[in-house]
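One-letter residues, chain by chain:
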Amino acid sequence: MASAQVSFSFPMGHFILFVFIASTIFHLQQRLSQMEPRWSGQNPKLPPALTLSPQVSPSPQVPLSGGKRPMAPQLEGMWTINAIGRLGNQMGQYATLYALAKANGRPAYIPAHMHNTLAPLFRISLPVLHGATAGSIAWHNYHLDDWMQERYRHIEGRYVRLTGYPCSWTFYHHLRPEILREFSLHEHVRREAQAFLGALRVRGTRPRTFVGVHVRRGDYVHVMPRVWKGVVADRGYLEQALDWFRAHYPAPVFVVTSNGMAWCRQNINASRGDVVFAGTGVEASPGKDFALLTQCNHTVMTIGTFGIWAAYLAGGDTVYLANYTLPDSPFLKVFKPEAAFLPEWVGIAADLSPLLKH
């Protein structure tokens, strides 16, 4: 009896495919086992050209976490300054606060009274500290002399109120472009001053050089000799100052402002036709006079912060009254001429003989 045989056949194509897959898996495992020790304990790094700094957004067009851009660090505390005196004094206080707050890394705020004085004229940027807020803060009052000192760069305290009458260029001159921007005139104020100057004529021709002249009178006429052993500008000084510009510039025109315009008309020689008495003389609203002075090319000043600031903003050449107190004047304890007048300004010594007669 013949036995039955069952044949089993495995297609050759399937066998070859099986061998290929098994071989591929085996070699892949071998490669992975060789690479693993190099990455053990550390994360694989991107090539140097693709390494991203953790402080930089991968793309400037893609906002960081939650759609928010990184914010500048917020300054802590609050600094302000006392607002006393008139326009020139408060300009000095503003500029000093601006500079010292920046030097000490503190935010600066100005009193509402200072804002009311300066904002009608200038494009100031410091925020206003309202009275209710100021009254709720325990301030550390810090007195300033009228010249910069090293210790003012290291003032301690988060809530500081600067006091005194600082005006010296030594506080803020290193920030001159910023100070000029803070005290830039509003456009309508500037245009009004420019229109006045543009209409002036000297002997029928339009002048090319405008010299602003500020003559401080008022209370200083009595305060300087009685309190400070000093003098104010006299007729002789003003004649020398105007002649200095006549010698240095062809056909200048002198634009005179003062809080004593009647005195100026009597004591400034206008017979040459190059002097214009332009000032209103109204101390309560000095904006027009100040704007005229700043739009001139050069300055003649006498004494006082109003004239100092007019000269500082105008630029150009400045002639000022120098040595206008006796050597033993108490004024020199609170005022340093070298810290008030820029080194390049030209000083003409005052006549102190009236003080020596008494």
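So, here is what we can say about the structure in this document. This structure is a prediction, so every number in the text was calculated from the model and none was measured.

So, how was this worked out
- Within each chain, residues carry numbers counting from 1 in the order of the written sequence.
- Local features in this predicted model are restricted to residues whose pLDDT is 70 or higher, and side-chain atom pairs enter the listing and the counts only when it is 80 or higher, whereas totals over whole chains, interfaces and linings include all residues.
- Side-chain metrics rest on all non-hydrogen atoms present in the structure, leaving aside hydrogens and water.
- In this analysis, axes come from line fits to C-alpha atoms, helices being fitted only over the stretch in contact, and the angle between any two N-to-C directions falls in the range 0 to 180 degrees.
- Secondary structure elements are taken from DSSP: a helix is a run of H or I of four residues or more, a strand is a run of E of two residues or more, and numbering for both begins at the N terminus.
- Note on terminology: angles under 35 degrees are roughly parallel, angles over 145 are roughly antiparallel, angles of 65 to 115 are roughly perpendicular, and the others are oblique.
- Less than a right angle of anticlockwise turn of the near helix away from the far helix marks a crossing as left-handed, whereas a clockwise turn marks it as right-handed.
- We call two residues in contact when some of their heavy atoms are within 4.5 Å.
- Following the grouping adopted for this structure description, the nonpolar residues are Ala, Val, Leu, Ile, Met, Phe, Trp, Tyr, Cys and Pro, the charged ones are Asp, Glu, Lys and Arg, and the polar ones are all others, Gly among them.
- The definitions used throughout rest on a 1 Å grid laid over the protein atoms alone, on which a cavity is an enclosed set of points accommodating a 1.4 Å probe that cannot get out and a pocket is an open set flanked by protein within 12 Å on both sides along at least five of seven lines; lining residues are those having an atom within 4 Å of a point.
- Grid points are joined across faces, edges and corners, and a volume is the space filled by probe spheres set on the points.
- For this analysis, a ring pair means two rings from Phe, Tyr or Trp (six-membered ring only for Trp) whose centres lie within 6.5 Å, classed as stacked if their planes differ by under 30 degrees, edge-to-face if by over 60, and tilted for the remaining angles.
- Type-normalised accessible area, obtained with a 1.4 Å probe on protein chains alone, sets the label of each residue: buried when under 20%, exposed when over 50%, and partly exposed for intermediate values.
- By definition here, charges over rings are those cases where NZ of Lys or CZ of Arg is within 6 Å of the ring centre and within 35 degrees of the ring normal.
- Here a strand pair is declared whenever DSSP counts at least two bridges between the two strands.

1. Quick look at the packing of helix α2 (residues 87–103) against helix α12 (residues 305–314)
Thinking step 1. As a packed pair, α2 and α12 sit with axes 7 Å apart at the nearest point and diverge in direction by 60°. The pairing of α2 with α12 is recorded here as oblique in orientation. Crossing hand, α2 versus α12: left-handed. On α12, the residues that touch Leu87, Gly88, Asn89, Met91, Gly92 and Ala95 of α2 are Thr305, Phe306, Trp309 and Leu313.
Thinking step 2. Looking at the contact of α2 with α12, its residues break down into 6 nonpolar, 4 polar and no charged.

2. Some words on the layout of surface pockets
Thinking step 1. Taken as a whole, the largest pocket holds about 1100 Å³ of empty space.
Thinking step 2. Lining of the largest pocket is provided by 49 residues; of these, Gly88, Asn89, Arg216, Tyr220 and Thr305 occupy positions nearest its centre.
Thinking step 3. For the lining of the largest pocket, the element with the highest residue contribution is α2, accounting for 4 residues.
Thinking step 4. Grouping the constituent residues of the lining of the largest pocket by class yields 26 nonpolar, 16 polar and 7 charged.
Thinking step 5. Empty space within the second largest pocket amounts to approximately 200 Å³.
Thinking step 6. Forming the boundary of the second largest pocket are 15 residues, of which Gly230, Val231, Val232, Asp351 and Pro354 lie nearest the centre.

3. What to know about the packing of aromatic side chains
Thinking step 1. In this structure the tally under the stated criterion is 18 aromatic pairs.
Thinking step 2. Relative to Phe290, the ring of Phe122 has its centre 5.9 Å away and its plane inclined at 85°; by these criteria the two rings are edge-to-face. Taken together, the residues Phe122 in the loop between α3 (112–118) and β3 (128–129) and Phe290 in helix α11 (residues 287–294) connect sequence positions 168 residues apart.
Thinking step 3. Taking relative accessible area as the criterion, Phe290 reaches 1% and is therefore assigned buried.
Thinking step 4. On the basis of an interplanar angle of 80° and a centroid distance of 4.9 Å, the ring pair of Trp244 and Phe245 is categorised as edge-to-face.
Thinking step 5. We classify Trp244 as partly exposed; its relative accessible area is 21%.
Thinking step 6. Pairwise contacts between aromatic rings join Tyr94, Phe122, Tyr172, Phe183, Phe290, Phe306, Trp309 and Tyr312 into one cluster.
Thinking step 7. We note Arg216 situated over the ring of Tyr220; from NZ or CZ to the ring centre the distance is 3.8 Å.
Thinking step 8. Over the aromatic face of Trp263 sits the side chain of Arg217, whose NZ or CZ is 4.2 Å from the ring centroid.

4. Quick look at α11
Thinking step 1. Of all 8 residues in α11, 7 are buried, a share of seventy percent or more.
Thinking step 2. For α11, the full list of buried residues reads Gly287, Asp289, Phe290, Ala291, Leu292, Leu293 and Thr294.
Thinking step 3. Buried positions along α11 lie against α2, α7 (187–198), β6 (210–215), β7 (253–258) and α12.

5. Considering the sheet that holds β6
Thinking step 1. Judged by pairing direction, the sheet is parallel, and its 6 strands sit side by side in the order β8-β7-β6-β9-β10-β11 without closing on themselves. The outermost strands of the open sheet, each flanked by one partner alone, are β8 (275–277) and β11 (346–349). Going from strand to strand, the sheet's axes swing by 25° on average, the running direction of each strand aside.
Thinking step 2. Here strand β9 (residues 298–301) pairs with strand β10 (residues 318–322) via 2 bridges, running parallel. Looking at the pairing, Val300 lines up with Val319 of β10.
Thinking step 3. Its contacts with the sheet place helix α9 (residues 235–248) against β6, β7, β8, β9, β10 and β11, and it is angled at close to 165° to β9.

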